[in-house]
Amino acid sequence: RSFGSSWDRRMHARMGCQSSCNQNTAEEAVVERSAAPLESTEQGAKAETHLVFSYGSNSLSQLCGRFTPIPTAASLRPRPATLEAYVRVFAGASKGWGSEESPSGVSTVIRAQGAVDGLLVELTGAQRDALDVSEGVAKGIYERQEETVVVPGAGLMTCEVYVKSDTSFLHPPSPEYLMAIGEMLRERRGLLGSADDAPIVLNPLKSGELGQLEDVAESVVFPATWTAEHIDALTMGQFVILWNVRLPEGRKWKMPKDMASVRTKLGNVGVASVSQLRSARNDINAKLSGAGEKNFSPTALQALDELFSL
């Protein structure tokens, strides 16, 4: 279940909208080739680097989990950025972010009056190639077009933006997918260094048959600061996303694949909600062992304890 109410809608009206996968798991990105190659520490040769603007579920935590070896967030040199004259809409169908029976819509951008906030990160060639695969570039799921993003303190930067070739609306975004976007925007807020105590608001939109923007669902609001009450109201999938954010550097999960596997193995021991996991925390690994499931690592349990201490 995601957060949303009449109070949320009033907040959305007052604050304005922060709207924000290949058909399965691709994440949207804007890419700029670096003019000056950097020295590769792995190969000892000149290597091209790429600036990637993420505006969907590709938070720093998620990006790090997608690459091998798993990088640190700082090594991606993240910065806040904005794509102007575009809006984020939902299209397509992802079973990874949803289910076989109920796929999730995923993000793309279309030209319209507005702006899309996101993160600008610097990737190596190998990382860029890995992201291209998840974006489905070779399959024609996303097409690249040249645009510009605005980076505070740096101005305009010429980029390539990945846009879905088919922006037809098929399914609304799942609560888990919206949660992932919300955490990306939370990271962006942190990079800005702002002590913003306003909720993070998402207004799910779609492109109508005539190209007009239409609401997909009610505005979704995530709290500025997570509390026990907010955390216990999350779906198990949403909680796993938040859990991944808390995992230490070098230990990130690959999303949404690992979200599904964690949720499944917890379900196999009768843990289907956050409150049930909180109650079973002290003997969760014993329960998993008894069911023949792989135990959580000490670092994963430490991150879990940090969440439950909020």
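Residues numbered from 1 in each chain as written. Predicted model: local features only at pLDDT ≥ 70, side-chain atom pairs only at ≥ 80, totals over all residues. Heavy atoms only, no water.

## Examining the side chain of serine 57
Definition in use: In this text, helices come from DSSP runs of H or I with a minimum length of four residues, and strands from runs of E with a minimum of two, each type numbered from the N-terminal end. Whether a residue is buried, partly exposed or exposed follows from its accessible area with a 1.4 Å probe, protein chains only, as a fraction of its type maximum: under 20%, in between, or over 50%, in that order. For the purposes of these results, a polar contact is taken to be a pair of N or O atoms within 3.5 Å, where, inside protein, one atom must be able to donate a hydrogen and its partner to accept one; residues adjacent in sequence count only when each atom of the pair is a side-chain atom.
Mapped onto the elements, serine 57 comes out in the loop between strand S4 (50-54) and helix H2 (60-66). For serine 57, a relative accessible area of 1% corresponds to the buried category. At 2.9 Å, the side chain of serine 57 forms a polar contact with the side chain of glutamine 62.

## Quick look at the packing of aromatic side chains
Under the convention used in this document: Centres within 6.5 Å are what make two rings of Phe, Tyr or Trp a pair, Trp counting through its six-membered ring; a difference in plane orientation under 30 degrees is then read as stacked, over 60 as edge-to-face, and the rest as tilted. Lysine NZ or arginine CZ positioned within 6 Å of the ring centre and within 35 degrees of the ring normal marks a charge as sitting over the ring.
In total, this model carries eight aromatic pairs according to the counting rule given. Considering the side-chain rings of phenylalanine 90 and tyrosine 177, the 6.2 Å spacing of their centres and the 80° angle between planes classify their relative orientation as edge-to-face. Of the two residues, phenylalanine 90 sits in strand S5 (residues 79-94) while tyrosine 177 sits in helix H4 (residues 175-192), which places them 87 residues apart along the sequence. Taken as a pair, phenylalanine 90 and tyrosine 177 share a single burial class, namely buried. An angle of 75° between the planes, with centres 5.4 Å apart, marks the rings of tryptophan 97 and tyrosine 177 as edge-to-face. With tryptophan 97 in the loop between S5 and strand S6 (104-123) and tyrosine 177 in helix H4, this pair connects stretches of sequence that are 80 residues apart. We classify tryptophan 97 as buried; its relative accessible area is 1%. In textbook terms, an aromatic cluster arises when at least three aromatic residues are bridged by ring pairs, as seen for Phe239, Trp243, Trp253, Phe296 and Phe308. The ring of phenylalanine 296 has lysine 265 sitting right over it, with the charged end atom 4.1 Å from the ring centre.

## A look at the pairing of strand S8 (residues 155-164)
Filter applied, for reference: The pairing criterion for strands is at least two bridges between them, as found by DSSP.
Bridging between strand S7 (residues 142-151) and S8 involves 10 bridges; their strand directions are antiparallel. Note that in S8 the partner of valine 150 across the bridge is leucine 156. Here S7 folds back onto S8 in antiparallel fashion, the turn holding three residues, of which glycine 153 has a positive phi close to 85°.

## Quick look at the side chain of asparagine 58
In this structure, asparagine 58 sits in the loop between S4 and H2. A distance of 3.1 Å separates a polar atom in the side chain of asparagine 58 from a polar atom in the side chain of glutamine 62.

## Points about the packing of H4 against helix H6 (residues 236-246)
Stated formally: The axes used here are C-alpha line fits, helices contributing only the stretch in contact, and every angle between their N-to-C directions lies in the interval 0 to 180 degrees. Roughly parallel here means an angle under 35 degrees, roughly antiparallel means over 145, roughly perpendicular means 65 to 115, and every remaining angle is called oblique. Crossing handedness is read from the near helix: turned anticlockwise from the far helix by less than a right angle, it gives a left-handed crossing, and turned clockwise, a right-handed one. Only heavy atoms matter for contacts: two residues are in contact if any of them lie within 4.5 Å across the pair. Throughout, the ten residues Ala, Val, Leu, Ile, Met, Phe, Trp, Tyr, Cys and Pro are labelled nonpolar, Asp, Glu, Lys and Arg are labelled charged, and all others, Gly among them, are labelled polar.
Taken N-terminus to C-terminus, the directions of H4 and H6 make an angle of 25°; their axes are 8 Å apart at the nearest point. Classified by the interaxial angle, the pair formed by H4 and H6 is roughly parallel. In this structure, the crossing between H4 and H6 has a hand that is right-handed. Between H4 and H6, the residues in contact are Pro175, Glu176, Met179, Ala180 and Glu183 and Gly237, Gln238, Ile241, Leu242 and Val245, respectively. Per-class residue counts for the contact of H4 with H6 are six nonpolar, two polar and two charged.

## A look at the nonpolar core
Quick reminder of the rule: Think of a nonpolar core as a cluster: buried Ala, Val, Leu, Ile, Met, Phe, Trp, Tyr and Cys residues, connected wherever their side-chain atoms sit within 4.5 Å.
Formed by 54 residues in total, the largest nonpolar core has its most connected members in Phe239, Trp243, Leu277, Ile284 and Phe296. Tallying contributions element by element places H4 first for this core, with seven residues. Once residues within four sequence positions are removed from consideration, phenylalanine 239 is found in contact with Ile231, Leu234, Val274, Leu277, Leu304, Leu307 and Phe308. Grouped together as the second largest cluster of nonpolar side chains are 15 residues, Val116, Leu120, Met157 and Val161 included.

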